[in-house]
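# Coordinate analysis (summary)
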Amino acid sequence: MASPQIEVIFDQNTATFTYVVYAASGSECAIIDSVLDYDPIAGRTSTAAADRVIEFVRSKDLKVQWLLETHAHADHISAAPYLRQHLGGAIAIGDQIKAVQGVFKKIFNLQSEFLLDGAQFDHLFAPDEIFYIGNLRAQALHVPGHTPADMAYLVEQDVVFVGDTLFMPDLGTARCDFPGGSANSLYRSVSRLLSLPPSTRLFVCHDYPPDGRQPACEATVAEQRAKNIHVRDGVSENEFIAMRNQRDATLTLPTLMLPSIQLNICAGVLPAAEENGVSYLKIPLNVAL
């Protein structure tokens with residue numbers, strides 16, 4: 001069994017971990033959950049975070065095979081199209097992205113030609129689909145709850161990129177109050193992940209560390225089962241649902257939710273420029289999300 005190599009690139013502005021997964025220098029790789037910098041005040045994008053990824057990939061002479069998204073993020077914009085332009089690779093997400101597109105097409109009143117078939121992405125993973133990153137065997141696990149389309153990526157037998165399904169043990173789990181979210185589904189998805197062997201390494205997408213702790217991205221199944229403040233061993237499904245629903249009712253929306261979702265359901269592709277050469281986002285006013 002090959003052992004995946006993992007490069008971790010942390011974006012401080014969005015508290016996002018981007019991962020580069022590969023077997024060895026010169027091999028194929030996957031880039032997971034990339035970040036396009038966005039200044040919401042100025043309405044400007046930039047590529048500093050993505051350029052760090054490009055620099056690493058080129059330093060190891062890697063060949064990008066996959067640009068993987070764990071879900072349509074609400075807290076950062078994907079840099080996958082920019083990375084594909086410079087490095088190649090196929091942008092991929094779970095096939096339930098079609099359900100998320102259906103919800104947000106209505107919210108943003110997107111044009112009729114915006115299709116709800118996921119064709120904006122290069123590949124849609126079916127639940128439990130097997131794929132390869134070079135010689136590394138991987139599996140796309142459907143883990144709904146945070147959104148209907150969340151995926152976790154199991155690489156070989158001992159590494160899983162869990163997206164927003166789990167956080168570090170002292171932070172717990174993802175919120176479930178976005179359209180299509182479900183605390184019931186999240187509990188079952190987490191239970192599936194935590195049924196993996198105790199030594200399995202789980203890599204999170206974000207970390208918002210409390211004072212005194214540095215950002216961290218990795219915990220084992222055993223550590224999550226023993227210490228996760230929301231779903232450690234002994235927490236029942238009903239207890240989790242009650243806690244999650246109560247907590248979610250107190251949360252505000254992520255700062256970048258409206259631009260992020262609008263672009264990420266389109267695989268991160270920016271809107272076409274209008275006749276003045278400028279691209280525009282839409283902001284729905286007074287709409288419940």
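Before reading further, recall that the structure is shown in the block above.
Residues numbered from 1 in each chain as written. Predicted model: local features only at pLDDT ≥ 70, side-chain atom pairs only at ≥ 80, totals over all residues. Heavy atoms only, no water.

## Some thoughts on the sheet that holds strand β12 (residues 159–163)
The strands making up a sheet associate through backbone hydrogen bonding, with each pair oriented either parallel or antiparallel. With mixed pairing, the six strands of this open sheet are ordered in space as β9-β10-β11-β12-β13-β14. On the outer flanks of this sheet lie β9 (129–133) and β14 (218–220), each paired with one strand and no other. Strand-to-strand twist of the sheet, defined as the mean angle between neighbouring strand axes without regard to direction, takes the value 25°. Summarising the sheet, strand β13 (residues 201–204) and β14 pair through three bridges and their orientation is antiparallel. Paired with Leu202 across the bridge in β14 is Ala219. Each of β10 (136–142), β11 (151–155) and β12 touches helix α4 (residues 183–193); the most contacted strand, β10, lies at about 155° to it. (Pairing = 2+ DSSP bridges. Helix = DSSP H or I, 4+ residues; strand = E, 2+ residues; numbered from the N terminus. Axes fitted to C-alpha atoms, helices over the stretch in contact; angles between N-to-C directions. Contact = heavy atoms within 4.5 Å.)

## Observations regarding the sheet that holds strand β3 (residues 28–32)
Spatially, six strands are ordered β1-β2-β3-β6-β7-β8 in an open sheet, and the strand pairing comes out mixed. Each edge of the open sheet is held by one strand with a lone partner, namely β1 (5–11) and β8 (123–125). The average angle at which neighbouring strand axes cross in this sheet is 25°, direction not considered. Judged from the three bridges that link them, strand β7 (residues 90–94) and β8 form a sheet pairing that is parallel. Following the sheet pairing, Ile93 is matched in β8 by Leu124. Contacts from helix α2 (residues 80–87) reach β3, β6 (63–68) and β7 within the one sheet, and its direction differs from that of β6 by about 165°.

## Thoughts on α2
For α2, the full list of buried residues reads Ala80, Pro81, Leu83 and Leu87. Down the axis of α2, the buried set is contained in an arc of 160°. They therefore lie on one face. Phi turns positive, to about 85°, at Gly88, one or two residues after α2. (Buried < 20%, exposed > 50% of the residue type's maximum accessible area, 1.4 Å probe, protein only. Arc of directions from axis to C-beta.)

## Description of the layout of surface pockets
In this model, the largest pocket occupies a volume close to 680 Å³. In terms of lining, the largest pocket is formed by 33 residues, of which the most central are Asp75, Arg175, His206, Tyr208 and Pro254. Counting residues per element, the ones that place at least two in the lining of the largest pocket are β4 (37–39), β5 (44–46) and α6 (237–248). Here the lining of the largest pocket takes three residues from β4, the largest share from any one element. Grouping the constituent residues of the lining of the largest pocket by class yields 14 nonpolar, ten polar and nine charged. Each pocket or cavity is described by its volume, and for the second largest pocket that value is around 380 Å³. Taken together, 16 residues line the second largest pocket, and the ones lying closest to its centre are Leu110, Gln111, Cys266, Pro271 and Ala272. (1 Å grid on protein atoms, 1.4 Å probe; cavity = no way out; pocket = protein on both sides within 12 Å on 5 of 7 lines; lining within 4 Å. Points joined across faces, edges and corners; volume = space filled by probe spheres on them. Nonpolar A, V, L, I, M, F, W, Y, C, P; charged D, E, K, R; others polar.)

## Regarding the pattern of salt bridges
One pass over the full model with this rule turns up nine salt bridges. Residue Arg84 is joined to Asp122 by a salt bridge in which the shortest nitrogen-to-oxygen separation is 2.9 Å. One end of the pair, Arg84, is in helix α2; the other, Asp122, is in the loop between α3 (97–108) and β8, and 38 residues separate them in sequence. For Arg213, the salt bridge identified is with Asp170, shortest N-O distance 2.8 Å. A residue pair is termed long-range when its members are at least 10 positions apart, and Arg213 in the loop between β13 and β14 and Asp170 in the loop between β12 and α4 qualify at 43 residues. Classification of Arg213 by relative accessible area gives partly exposed; the value is 23%. (Salt bridge = Lys/Arg side-chain N within 4 Å of Asp/Glu carboxyl O.)

## Concerning the nonpolar core
Of all hydrophobic cores here, the largest spans 46 residues; its most connected members are Leu68, Phe125 and Phe131. Contact partners of Leu68, with chain neighbours within four places excluded, come to Ala30, Ile31, Ile32, Asp33, Ala92, Phe125, Phe131 and Tyr153. (Core = buried A, V, L, I, M, F, W, Y, C linked by side-chain atoms within 4.5 Å.)

## Some points on empty space enclosed by the protein
Using the criterion set out here, one finds three cavities of 30 Å³ or more in the structure. Taken as a whole, the largest cavity encloses approximately 60 Å³ of empty space. At the level of secondary structure, the elements contributing two or more residues to the lining of the largest cavity comprise α3 and α7 (257–264). Class assignment of the residues belonging to the lining of the largest cavity gives a composition of eight nonpolar, one polar and no charged. Of the voids in this model, the second largest cavity is the one considered here, and its volume is about 40 Å³. Around the second largest cavity, the lining residues are Ile9, Asp11, Thr18, Val35, Ala49, Ala50, Arg52 and Val53. Broken down by secondary-structure element, the contributors of at least two residues to the lining of the second largest cavity are β1 and α1 (48–59). Top element by residues in the lining of the second largest cavity is α1. It accounts for four residues. Per-class residue counts for the lining of the second largest cavity are five nonpolar, one polar and two charged.

## Structural notes on unusual backbone geometry
In this structure, Asp61 takes a positive phi of about 55° despite not being glycine. On the secondary structure map, Asp61 appears in the loop between α1 and β6. In this structure Asp61 comes out as exposed when scored by relative accessible area, which is 52%. Notably, Ala267 is not glycine yet its phi reads approximately 65°, a positive angle. Its place among the elements puts Ala267 in the segment after α7. Since its relative accessible area comes to 3%, Ala267 is described here as buried.

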